[in-house]
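Each chain, written out:
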Amino acid sequence: MHEFSTMQSIVNAILEEAKKYNAKEINKIILQIGELTFLGKEQLKFAFDILKEGTIMEKAELVIEDVKAKVKCNHCGYEGGVEYGLKDEFHIYFPILKCPNCGKNVEIIKGRECNIKSVEMEIEDVAIEG
């Protein structure tokens, strides 16, 4: 379950950043997750719920934005989504990283993201002299 270790890294990064600002509480986190990461949203949310306990993000809302895969063919110029095929022996769908027009290999443009898009946190008011 690589979702747990991925979420652990995300939570640690957010807590480290919050420490720099002396944050009192983290209210909302927005992640961007590409479809080619094969990270399960429900598993990420489950891991988040466990990892946030006892931290300043205990009441935080987690929002996960899906990033659709996009590929580009340098041979025929196709730019668009990926097609999926079925592996009968495993009963799973997998991305076909070939151009749907000409069958050549494609370059992945989008879909491998795992980004922290934004973090909403409460910080103490700081007087700025000037």
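Structure shown above.
Just so you know, these numbers come straight off a predicted model, no measurement behind them.

Parameters and conventions
- Residues numbered from 1 in each chain as written.
- Predicted model: local features only at pLDDT ≥ 70, side-chain atom pairs only at ≥ 80, totals over all residues.
- Heavy atoms only, no water.
- Helix = DSSP H or I, 4+ residues; strand = E, 2+ residues; numbered from the N terminus.
- Buried < 20%, exposed > 50% of the residue type's maximum accessible area, 1.4 Å probe, protein only.
- Lys, Arg positive; Asp, Glu negative; His and termini not counted.
- Salt bridge = Lys/Arg side-chain N within 4 Å of Asp/Glu carboxyl O.
- Contact = heavy atoms within 4.5 Å.
- Patch = residues over 30% accessible without salt bridge, like charges linked within 9 Å, V, L, I, M, F, W, Y side chains within 5 Å.
- Areas by Shrake-Rupley, 256 points an atom, 1.4 Å probe, with all protein chains shown as cover.
- Pairing = 2+ DSSP bridges.
- Expected span 1.5 Å × (residues − 1).
- Arc of directions from axis to C-beta.
- Axes fitted to C-alpha atoms, helices over the stretch in contact; angles between N-to-C directions.
- Parallel < 35°, antiparallel > 145°, perpendicular 65-115°, else oblique.
- Left-handed = near helix turned anticlockwise from the far one by under 90°.
- Nonpolar A, V, L, I, M, F, W, Y, C, P; charged D, E, K, R; others polar.

Draft legend 1. Geometry of the side chain of Glu3. Mapping Glu3 onto the fold places it in helix H1 (residues 2-20). Despite being buried, Glu3 has no salt bridge partner; Lys41 is the closest side chain of opposite charge, sitting 13 Å away. Residues in contact with Glu3, not counting those within four places in the same chain, are Phe38, Leu39, Gly40, Gln43, Leu44 and Ala47.

Draft legend 2. Molecular detail of a nonpolar patch on the surface. A contiguous nonpolar patch, built from Phe38, Tyr84, Leu86 and Tyr93 and spanning about 440 Å² of accessible area, is present on the exposed surface. Of note, Phe38 is situated in the loop between strand E1 (23-34) and helix H2 (41-51).

Draft legend 3. Layout of the sheet that holds strand E4 (residues 79-80). Across the sheet, which stays open at both edges, the 3 strands sit in the order E4-E3-E7 with antiparallel pairing between neighbours. What marks the edges here is a single partner per strand, and that holds for E4 and strand E7 (107-110). By the bridge criterion, 3 bridges tie strand E3 (residues 70-72) to E7 in an arrangement that is antiparallel. The partner of Val71 across the bridge, within E7, is Ile108.

Draft legend 4. Spatial organisation of H1. Taking 1.5 Å of rise per residue, 19 residues should cover 27 Å, and H1 covers 28 Å from first to last C-alpha, within 8% of that figure. Restricting attention to buried positions, one finds in H1 the residues Glu3, Met7, Ile10, Val11, Ile14 and Ala18. The arc that holds the buried residues of H1, viewed along the axis, is 100°, so those residues lie on one side. Along H1, the residues that are exposed and aim more than 90 degrees away from the buried face are Lys19 and Lys20. Looking one or two residues past H1, Asn22 carries a phi angle of roughly 50°, positive in sign.

Draft legend 5. A look at the packing of H1 against H2. Two elements in contact, H1 and H2, have axes separated by 9 Å at closest approach and are oriented at 50°. Viewed along their axes, H1 and H2 adopt a mutual orientation that is oblique. When you trace H1 past H2, the crossing you get is right-handed. Here Glu3, Phe4, Met7, Gln8 and Val11 of H1 come into contact with H2, specifically with Gln43, Leu44, Ala47, Phe48, Ile50 and Leu51. Class assignment of the residues belonging to the contact of H1 with H2 gives a composition of 8 nonpolar, 2 polar and 1 charged.

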